[in-house]
Amino acid sequence: MSTRISVTPVDAADIAHYDHETDVLVVGYGCAGASAALDAEAAGAQVILLERQSGGGGSSALSGGEMYLGGGTPIQRACGFDDTPEEMEKFLLAALGPDADQQKVGLYSRESLAHYQWLVGHGVPFKPSLWDSPTWVPPTDDGLMWMGENAYPFSEIAEPAPRGHRVTSDGFGGKVLMAVLTEAVAATGIRVHTDTAALRLIVEGKRVVGVVARHFGETVTYRAHRGVVLTTGGFADNAEMLAQHAPQLVGLGVNSDGGDDGRGIVIAQAAGAAVRHMSAGQVGISLVPGMMVRGMIVNEVGQRFINEDVYPGLVGQAALFKHNLRVWVILDEQAYEEVPVDERWGVQPHFVAETLEELEREIGMPGGALQNTVGEYNRHAERGEDPYFHKSARWLRPLRSPFAAIDVRRGMAPPEYGDGGTAGGGAEVFTIGGLHTDVDGHVLDLDDEPIAGLFAAGRATSGLHSWGYISGTSLGDGTFFGRRAGAAAATG
Ligand SMILES: Cc1cc2nc3c(=O)[nH]c(=O)nc-3n(C[C@H](O)[C@H](O)[C@H](O)COP(=O)(O)OP(=O)(O)OC[C@H]3O[C@@H](n4cnc5c(N)ncnc54)[C@H](O)[C@@H]3O)c2cc1C
């Protein structure tokens, strides 16, 4: 018999007494949990917010603070961009698909401006200035950035507008986002119970009515009269779940606070919840986008496989899922020098050579592989064209000796991490699949019916995404659908 704590729901008939009672119980105090708690309270419910750690924050507090918002926000307009919900929706359906949740994407796009105002109303700061080149996190506090909307094929699918809204911060903005939301929570009557891990759901018939939790070795029971909202994050830190659902993500670095153990997902599954897109993941490939876009990315036989100006996570997915991360950034001295030092994140070329023939030998590529690729690239770049992958003319220039190569599997880490290691194996990942929910955060069962009393949001769910990912959509859908789940739970 397994020694693990069972995930099977506990029958309410077996609960002798409840230690705490509330209308809405929110489990997990990251961006989704904070937003759920705030809007549940605003809808008139009593709320308890449970958090396993000693304080709120989760992965949200470590994040870059990029939020995908659009439809004509004041920040977009101040930077000179017109945008509409329709164009935003078209882009997201293409970028987060195939088969992204049309209902969620449509609603998210239509209400994005109102969501921006909700965030700003709570004190989340955004600055009206644009960072105008591909990067993971700009080294400045510019408030707006492109997420590949202006790159092929997306530039032909939807009218391009930058929609990456950055929470103003010194470095990564997630800590500011969570500080603001925490302050907002503290200003309400929401009760926060920290150091308390939800272990199992409590059910009465088919309805979820509470949670059994652990607080410093003590078992604590919670009764939620209107609803339980699971906002416990994803499962990238759970090696067993990764192996079961997303084996291609096993063994890589994890982009999380270390606590994405998937518990919230499995306790809901045990109560009949359906899941979606469990094999999907964001792939934060270990390269500096500013270097890649000025040069090229190639596989182990020296061939390009994507236009280098797309959102770098898309490059990461292609590199991992199709080329097992055996990929190199090839650039020349001019390209390297053009990248501002504070955008390089300490990355230096691993191989340098006067000729492509030498570079191929150093890397161990077949003779002629890079010479062919760079020769073709240069021939067209001369005319500002890229007939193979349609990289924007802005980034096209023939590459000239001396050449350099960067092996992405050697890893890199942003200055924000301090001395804290490099991404193992060439990428840091997190999961984007999870509980199947509707637009109001109801967790659905295998018949697509809501499980009474059970709601979820954030990375515990499959939100906007099916397979693709764009930076900002996790904090974006976590806060947006967190709010909706909280409000729906408040109505019981
Ligand atoms: C370095 C980094 C940079 C990132 N940059 C961005 C970005 O710029 N934009 C973006 O959109 N996304 C970004 N992401 C991803 C994003 O931060 C996460 O996907 C998102 O924050 C998840 O939010 P959440 O509220 O679902 O989960 P979390 O913020 O992880 O919160 C979940 C909380 O639930 C708690 N919890 C878990 N299980 C239990 C339990 N059983 N009982 C009680 N509590 C529990 C956890 O301790 C945690 O506090 C980044 C991630 C990292 C790590």
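Quick note: structure is the one above.
Residues numbered from 1 in each chain as written. Predicted model: local features only at pLDDT ≥ 70, side-chain atom pairs only at ≥ 80, totals over all residues. Heavy atoms only, no water.

Novice: Explain the overall build of the chain to me, please; I cannot follow it from the model alone.
Specialist: Scanning the chain from N- to C-terminus turns up 16 helices and 22 strands. Against the globule reference of 23 Å for 492 residues, the chain gives a C-alpha radius of gyration of 23 Å, in line with a compact fold. Seen along its three principal axes, the alpha-carbon backbone of the chain occupies a region of about 75 × 55 × 40 Å. For the chain, buried positions account for 60% of its 492 residues. Partitioning the contacts of the chain with sequence separation of at least 6, the portion at a separation of at least 24 is 73%. Accessible surface, the chain as shown: approximately 18500 Å² in total, 49% of it carbon and sulfur. (Helix = DSSP H or I, 4+ residues; strand = E, 2+ residues; numbered from the N terminus. Rg over C-alpha atoms; globule rule 2.2 N^0.38 Å. Buried < 20%, exposed > 50% of the residue type's maximum accessible area, 1.4 Å probe, protein only. Contact = heavy atoms within 4.5 Å. Areas by Shrake-Rupley, 256 points an atom, 1.4 Å probe, with all protein chains shown as cover.)

Novice: Could you clarify how one ought to interpret the environment of Glu51 in this entry?
Specialist: In this structure, Glu51 sits in the loop between strand 3 (47-50) and helix 2 (58-62). Along the backbone, Glu51 and Tyr29 are 22 residues apart, and their C-alpha atoms lie at a distance of 5.5 Å. Ignoring any residue separated from it by four or fewer positions in sequence, one finds Glu51 in contact with Gly28, Tyr29, Gly56, His193, Thr194, Asp195 and Thr196.

Novice: It is not clear to me how the packing of helix 4 (residues 85-96) against helix 5 (residues 102-110) should be interpreted in this structure. Could you clarify?
Specialist: Describing two packed helices takes the angle between their axes plus the distance from one axis to the other. Their axes nearest at 8 Å, the elements helix 4 and helix 5 cross at an angle of 145°. The two elements helix 4 and helix 5 cross, and the hand of that crossing is right-handed. For the pair formed by helix 4 and helix 5, the contact residues are Pro85, Met88, Glu89, Leu92 and Leu93 on the first element and Gln102, Val105, Gly106, Tyr108, Ser109 and Arg110 on the second. Tallied by class, residues from the contact of helix 4 with helix 5 come to 6 nonpolar, 3 polar and 2 charged. (Axes fitted to C-alpha atoms, helices over the stretch in contact; angles between N-to-C directions. Left-handed = near helix turned anticlockwise from the far one by under 90°. Nonpolar A, V, L, I, M, F, W, Y, C, P; charged D, E, K, R; others polar.)

Novice: What is the right way to read the sheet that holds strand 7 (residues 164-166) from this model?
Specialist: Sheets are built from strands that pair by backbone hydrogen bonding, the pairs being arranged parallel or antiparallel. If you walk across this open sheet you meet the 4 strands as 4-7-6-5, and the pairing is mixed. Every other strand in the sheet has two partners, leaving strand 4 (66-68) and strand 5 (130-131) as the edge strands with one partner each. Both strand 4 and strand 7 contribute to a ladder of 3 bridges, which runs antiparallel. Residue Met67 lies in a different strand from strand 7, and its bridge partner there is His165. (Pairing = 2+ DSSP bridges.)

Novice: Is there a simple way to think about the pairing of strand 16 (residues 328-332) in this case?
Specialist: Remark: a regular strand shows side chains that alternate across the two faces of the sheet. Most of strand 16 is tucked away: 5 of the 5 residues are buried. Side chains Trp328, Ile330 and Asp332 of strand 16 all project onto a buried face; the interleaved residues Val329 and Leu331 project onto the opposite face, where all are buried too. Note that strand 15 (residues 296-298) and strand 16 share 3 bridges and pair antiparallel. Opposite Val298, over in strand 16, you have Trp328 as the bridge partner.

Novice: Just checking my understanding: could you explain the site of the ligand for this structure?
Specialist: By nearness alone, 36 residues border the ligand, and Glu51, Ser60, Glu66, Ser474 and Leu475 come closest of all. The contact in question runs from an oxygen atom of the ligand to an N or O atom on the side chain of Ser60, over 2.5 Å. Measuring from a nitrogen atom of the ligand, one finds a backbone N or O atom of Gly64 at 2.9 Å. Alone, the ligand offers 1000 Å² of accessible surface; in the complex the protein occludes 96% of this. Those elements that provide at least two residues to the shell around the ligand are helix 1 (31-42), helix 2, strand 9 (196-204) and helix 16 (473-490). For the shell around the ligand, the element with the most residues is helix 2, which contributes 4 residues. Class assignment of the residues belonging to the shell around the ligand gives a composition of 11 nonpolar, 21 polar and 4 charged. (Near = heavy atom within 4 Å. Polar contact = N/O pair within 3.5 Å; in protein donor to acceptor, adjacent residues only side chain to side chain.)

Novice: Is there a simple way to explain the packing of aromatic side chains in this structure?
Specialist: Two measures describe an aromatic ring pair: the distance that separates the ring centres and the angle between the ring planes. A complete count under the given rule lists 10 aromatic pairs for this structure. Taken together, a centroid distance of 5.9 Å and an interplanar angle of 20° make the contact between Tyr68 and Phe91 stacked. In this pair, Tyr68 sits in strand 4 while Phe91 sits in helix 4, placing the two residues 23 residues apart along the sequence. The exposure class assigned to Tyr68 is buried, which follows from its relative accessible area of 0%. (Phe/Tyr/Trp six-rings, centres within 6.5 Å; stacked < 30°, edge-to-face > 60°.)

Novice: Before we go on, may I ask you to explain the sheet that holds strand 16 in this structure?
Specialist: A sheet is described by the order of its strands in space; here 4 strands give the open sequence 15-16-18-17, paired in antiparallel fashion. Looking at which strands have only one partner, the edges of the open sheet turn out to be strand 15 and strand 17 (351-353). Direction aside, neighbouring strands of the sheet carry axes that sit 25° apart on average. Sitting on the sheet, helix 14 (residues 356-363) touches strand 16, strand 17 and strand 18 (403-407), and the angle it makes with strand 17 is about 155°.

Novice: It is not clear to me how unusual backbone geometry should be interpreted in this structure. Could you clarify?
Specialist: Trans is the common state for peptide bonds, and a negative phi is the common state for residues other than glycine. Cis rather than trans, the peptide bond between Gly97 and Pro98 has omega equal to 5°. Within the fold, Pro98 resides in the loop between helix 4 and helix 5. Here Ser401 and Pro402 are connected by a cis peptide whose omega angle stands at 0°. With respect to the helices and strands, the residue Pro402 is situated in the loop between helix 15 (369-381) and strand 18. The phi dihedral of Asp195 is positive, around 55°, even though this residue is not glycine.

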